Structure formats: structure tokens, C-alpha cells
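Results of the structural survey
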Protein chains: 2
Amino acid sequence: MSHPFDAALIFEPLSPQRVRGRTSEAYWNMVGPYGGITAAALMRAMLERPERTGEPLAFTLNYLAPIAAGEFVIETELVRANRSNQHWTMRLMQGETGAERCLALAMAICAQRREVWSHVDAKCPDVPPADDCPPAPPRRAEGFLQRYQFRPVRGLPFAENPDSHSEAWVQDVPPRPLDFTSLTAICDSFLPRIFLRRKEFTPIGTVSMNIYFHAGAGELARHGDAPLLTVADGQAFSDGHFDHNGLVWSRDGELLASTHQLVWYKE
Amino acid sequence: MSHPFDAALIFEPLSPQRVRGRTSEAYWNMVGPYGGITAAALMRAMLERPERTGEPLAFTLNYLAPIAAGEFVIETELVRANRSNQHWTMRLMQGETGAERCLALAMAICAQRREVWSHVDAKCPDVPPADDCPPAPPRRAEGFLQRYQFRPVRGLPFAENPDSHSEAWVQDVPPRPLDFTSLTAICDSFLPRIFLRRKEFTPIGTVSMNIYFHAGAGELARHGDAPLLTVADGQAFSDGHFDHNGLVWSRDGELLASTHQLVWYKE
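Presented here is a report on the structure given in the accompanying data block. (Residues numbered from 1 in each chain as written. Chains lettered and ligands numbered in written order. Predicted model: local features only at pLDDT ≥ 70, side-chain atom pairs only at ≥ 80, totals over all residues. Heavy atoms only, no water.)

**Some thoughts on the overall build of chain A**
The number of helices and strands found in chain A is four helices and 13 strands. Against the globule reference of 18 Å for 267 residues, chain A gives a C-alpha radius of gyration of 18 Å, in line with a compact fold. Projected onto the principal axes, the alpha-carbon positions of chain A cover approximately 50 × 45 × 40 Å. Classification of the 267 residues of chain A by burial places 60% in the buried group. Intrachain contacts of chain A at a sequence separation of at least 6 include 69% that bridge at least 24 residues. (Helix = DSSP H or I, 4+ residues; strand = E, 2+ residues; numbered from the N terminus. Rg over C-alpha atoms; globule rule 2.2 N^0.38 Å. Buried < 20%, exposed > 50% of the residue type's maximum accessible area, 1.4 Å probe, protein only. Contact = heavy atoms within 4.5 Å.)

Encoded structure:
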């Protein structure tokens, strides 16, 4: 039996540039699919293109409008292939052929990783191992919050925390070996910063997510299915949108990705 | 006489979706235009579309290949208009009609700003006013480095600094009232992080830049032509690419933008 994550990302080829997928109840959020599973779908559609060479390096996704339950089409375009990198765009669409509405729009860069002088400036916080941090009870009884185990280290939702900083161990449920697709999805698992600031629930929706990958497929495979440490800082809540700067660390303190989001909030 | 920045961004309409521009010697970098002027060109092409409503909220640009001196075409597409926001894509191309090569690819979101509960979490560093910080001599005698005055506060290029943190006042030369186009360009003016780590020059090139705007046109106009405080932290140098997380502050300590980059470096 395949993992629910992989079951949510099964595509039927329609043409060399187009695949058809279907939204997953297992990764449903309140009014549409969990943003991370949409990001993962666009990432996987690109990774499955036979022309794709190199590994994901940068990925940006803009969410245009809610995705309805049911079928969708993803169109991938290799805009340019250079000697050592490729530039891609992806669009997720729903609706009748000829009258399709674009609901998500992504750009990505794949590149060959080169073993050269490397150095991590960001500091991995000194936190207790995941096993010593009790899992938070899922905030809802169904949908994507059942698909991740969150072990908060710092920053509790729906509380007035001293700042918008959060640290949490996150793991797929059931555990699943890490790859670029699941790492992409986990980059959308950070607590919305406004939940760290307000006791009451505020409606929110991510409008843009950006990911830079700092590790290759080998490092992700070595990490396996262990929990990841996710650390984020809110930077500003301004006039209806807030952002955060997030980092995803392996269990052993390797930086795997840096990620940024802009999120709409209702007031 | 118009400012060299505006002279570099004069477009001739070709169709409702296409304009023709020309690279500027005043903003030339070593092997192509300064990345910030390319970003500004894509931003301005979108802002000038008559259908555009709202103000820039998010902007991401991937640099695909070097842009040659001479003419270019920018194609803008309004992918989706919602009630309070718009989703755009832009492509910069060169070459014969029908055989154009895409050299830069951007996505942007415009939105209505709403005056709601707002709060800035990021801390503006306590630095001396710009007037008390001596300008750095331009690193080169021509091109875009002549078009900005940099007053470093912390972090000197081609030195072994203790970390990849930098603080600098930046101002257009000659001074020019701030708007979304010039702020977009300034978001590419941060020192490449590797220059803060290595005494020797390392060839570099930005491959992706992301900007979230935290201020509206009114705040930018109020800032006027004063220097901006740019603050950035490198997060990782890994296998041939490094990133940074940057913030742009007004003279009075208002957060105007947060911005991220991924940069290729040669070893």
C-alpha cells in the first residue's frame, strides 16, 4: 500500500507537457487542498518530466485562487536549459478544456550540485531531540493536520507568544523517507505567524511561497524518515499580509532548505 | 533631463502585452545589465499595463541567461484577476521574432492594501544616521556601481568578516524619489555574501530574487529620496549557490521590503 502522500500525487499523462491529477481528502485543508500538497504536485510534475536534469535548487509558487475537490491538470514548461541548469514553469488548472482557470503558478530552477567550498552561516538552534518533545494533539480531526506529527519546541498556536519565532519537529504520518517532493510540502507546514500572535482564530491563506534547497538528493536520502526541525521568524504583518523566513534542518543539524512565505490575513 | 534610472526604463509599446526596451550603459554590470535594473524593467512593464490595479505585494524573478547589450522585449500576462488582487507573469526576451530566447522570467502579485492591525517583528538595527557614515569609493569606475552611493555600516567587501551579516545605507545617484520600481532595483544592491567571506574576487551571478513589499505607495512617497538602510544575512553557501535574507528599512525605521536571493558562485 502506498503512502497517502504518494497516493495524492499519482498523475495520468495527457501530453508531454500535461498530466492530470486529483485532489486528496487525506491532505484536505479547510477550503481546499493543503498548500504544501499543491506545491508537491507542481514539484513532482516537473521532476517526472523525462527532460529534467539536475536537482531542485529554487522553487516559487503563487496561489491564485482556491482549488476545488476533484481533478486538475498540471502543465509544465521547460523554458530554458543551460549547460548546468534548467528553468521551468508550472501551472495548475481546473475547468473544461479551452476554458481552464489557472489556480497555481510556479517557477523552478534545477541545477547540478558541485562539491565546492561550502559553509552554513545560519545557526541551528539548540533544541531537545524530537523524542523528548511531546507531540501536539492534531488541531483538527481530519485532513492534512492528521498527515504530520508536530512536536512544538517553542511557539504555541493561539497564544500570545513573546514574538513570532517558532521551532518545531515535523514528521510525515506515517513516517516516509524524505525527498524533494515531501520536503517541498513540509515547507508549507510552518504555523501561520498570526496564530503565534493572537488567541482568536484569524482566517489566513498563503499567497506566495519560496524555497531554496541547500541539500542534494543524497543528503535527503541519508536523513531518511526522521523528524525535521522547522524554525521560522515572522518579519512583518502589514496591511493584510504577513511574511516569514523559515529554515528546515535535518535531525543532525544540516540545513536542508530556506523558505519564505507571504500570507493573507483577514481582519 | 530625466534620471538615468528612468531613462533606462523607457518602453515602446508593440502590442497590449508587449513592450520593447533597450539595455542601459548607465546600469551595465560586468557581463550584462545590473540585475536590479532588469528586475525594475519587468516591474515597470507590469505597472504600466492599464489593467493593473492594486500595489505590488510579491515579486519573484529568475535570471535564465545573460542579457546582451541592445534591444529586448518584455511580455506581460495578467494570469488572473481576483476581487482584491492580480497575478502576473513577465518574460524578458531577446532575438528575432519567432526565435526569441527568454532570458528572465518573473511572477508578481498586486493587491489592495488594507489598513488593519499591523505589527513589525523584525528589528531595525541601531545604526548611525547615513550622514555620519562615509560613502565607500565605487568598486568600479563605470556602470551601475556609479548609480548608487553605498555607506557601509557593517560588513566590508573582500575581507574576512566574522559572519555574512551586512548593514549599509544605499541611495540612488543622483538622489531620486523612491517608488516600487526603484525599490525593486535596490533589492538587488546587497553585497554578494561571498564577498563578505573571501578576500579574493569570486565570480557570482544571481539566479533568483524574491521580494515581499511591506509598504504602500504612500509610505514610499513619504520616504522621498533619502538613503535606505539595507540589512542582510547569508544563510548558507552550499555546493555552488548561496542565499541571503535581506530587509530594506526607510530612514525612519519603517520596514519597506523583505527580500531573498539565491546566487551562483564559481569555485
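**Concerning the relation of the copies chain B and chain A**
The two copies are related by a screw operation: chain B maps onto chain A through 180 degrees of rotation and 0.0 Å of translation along the axis, at an RMSD of 0.0 Å. Both copies are brought into coincidence by an operation consistent with a two-fold rotation axis. Comparing interface residues between copies, 100% of those in chain B also sit at the interface in chain A, which points to an isologous, same-surface contact. (Least-squares fit on C-alpha atoms with pLDDT ≥ 70 in both.)

**Considerations on a nonpolar patch on the surface**
A cluster of nonpolar residues, Met30(A), Val31(A) and Phe201(A), forms a patch on the protein surface that exposes about 350 Å² of accessible area. Among the structural elements, Val31(A) can be located in the loop between strand E2 (18-22) and helix H2 (35-47). (Patch = residues over 30% accessible without salt bridge, like charges linked within 9 Å, V, L, I, M, F, W, Y side chains within 5 Å. Areas by Shrake-Rupley, 256 points an atom, 1.4 Å probe, with all protein chains shown as cover. Salt bridge = Lys/Arg side-chain N within 4 Å of Asp/Glu carboxyl O.)

**Here we look at H2(A)**
For H2(A), built from 13 residues, the straight-helix expectation of 18 Å at 1.5 Å per residue is met to within 8% by its first-to-last C-alpha distance of 18 Å. The element H2(A) is largely enclosed, with a buried count of 13 among its 13 residues. (Expected span 1.5 Å × (residues − 1).)

**Some remarks on the interface of chain B and chain A**
Taken residue by residue, the interface counts 66 residues in chain B and 66 residues in chain A. Summed over both partners, the interface of chain B with chain A buries about 5400 Å², with 53% contributed by carbon and sulfur atoms. Among the residues of chain B in contact with chain A, Met107(B), Trp117(B) and Asp239(B) are the three that bury the most area, contributing 14% of the side total. Ionic pairing is found between Glu77(B) and Arg91(A), a salt bridge with its closest N-O pair at 2.8 Å. Connecting chain B to chain A are 38 residue pairs in polar contact (both at pLDDT 80 or more). (Buried area = accessible area lost by both parts, 1.4 Å probe. Polar contact = N/O pair within 3.5 Å; in protein donor to acceptor, adjacent residues only side chain to side chain.)

**Focus on unusual backbone geometry**
All names here are of chain A. Cis rather than trans, the peptide bond between Val173 and Pro174 has omega equal to -10 degrees. Tracing the chain through its elements places Pro174 in the loop between strand E9 (165-172) and helix H3 (180-186). One non-glycine residue with positive phi stands out, namely Phe158, at about 55 degrees. Checked against the element boundaries, Phe158 lands in the loop between strand E8 (148-154) and E9.

**Structural notes on the pairing of strand E5 (residues 85-94) of chain A**
A regular strand places its side chains so that they alternate between the two faces of the sheet. Residues and elements named next belong to chain A. With 10 of 10 residues buried, E5 is to be regarded as a mostly interior element. In E5, alternate side chains face the same way, and those of Asn85, His87, Thr89, Arg91 and Met93 on one face and Gln86, Trp88, Met90, Leu92 and Gln94 on the other are all buried. Across eight bridges, strand E4 (residues 71-81) lies against E5 in antiparallel orientation. By the bridge assignment for E5, Arg80 is matched with His87. Hairpin geometry of E4 and E5 is characterised by an intervening segment of three residues between the two adjacent antiparallel strands. Pairing analysis gives 10 bridges linking E5 to strand E6 (residues 101-111), with the strands arranged antiparallel. Counted as the bridge partner of His87 is Ile109 from E6. Between E5 and E6, which pair antiparallel in sequence order, lie six residues; one of them, Gly95, sits at a positive phi of approximately 115 degrees. (Pairing = 2+ DSSP bridges.)

**Considering the packing of aromatic side chains**
Considering all chains together, one arrives at 26 aromatic pairs over all chains under this definition. Geometrically, the ring pair formed by Tyr34(A) and Tyr148(A) is edge-to-face, given 5.7 Å between the ring centres and 65 degrees between the ring planes. Of this pair, Tyr34(A) sits in the loop between E2 and H2 while Tyr148(A) sits in strand E8, placing them 114 residues apart in sequence. A residue is classified by how much of its surface remains accessible, and Tyr34(A), at 1% relative accessible area, is buried. Accessibility expressed as a relative area gives 4% for Tyr148(A), which makes it buried. A ring pair is formed by Phe237(B) and Tyr265(B), whose centres lie 6.2 Å apart and whose planes are at 80 degrees; its orientation type is edge-to-face. Taken together, the residues span a long stretch of sequence, with Phe237(B) in strand E11 (residues 228-238) and Tyr265(B) in strand E13 (residues 255-265) at a distance of 28 residues. (Phe/Tyr/Trp six-rings, centres within 6.5 Å; stacked < 30°, edge-to-face > 60°.)

**Some points on the pattern of salt bridges**
Residue and element names in this part refer to chain B. Applying the stated criterion across every chain, the model contains 28 salt bridges over all chains. The residue Arg18 makes a salt bridge to Glu75 at a minimum N-O spacing of 2.9 Å. Note that Arg18 is positioned in strand E2 (residues 18-22) and Glu75 in strand E4 (residues 71-81), a separation of 57 residues in sequence. Since its relative accessible area comes to 29%, Glu75 is described here as partly exposed.

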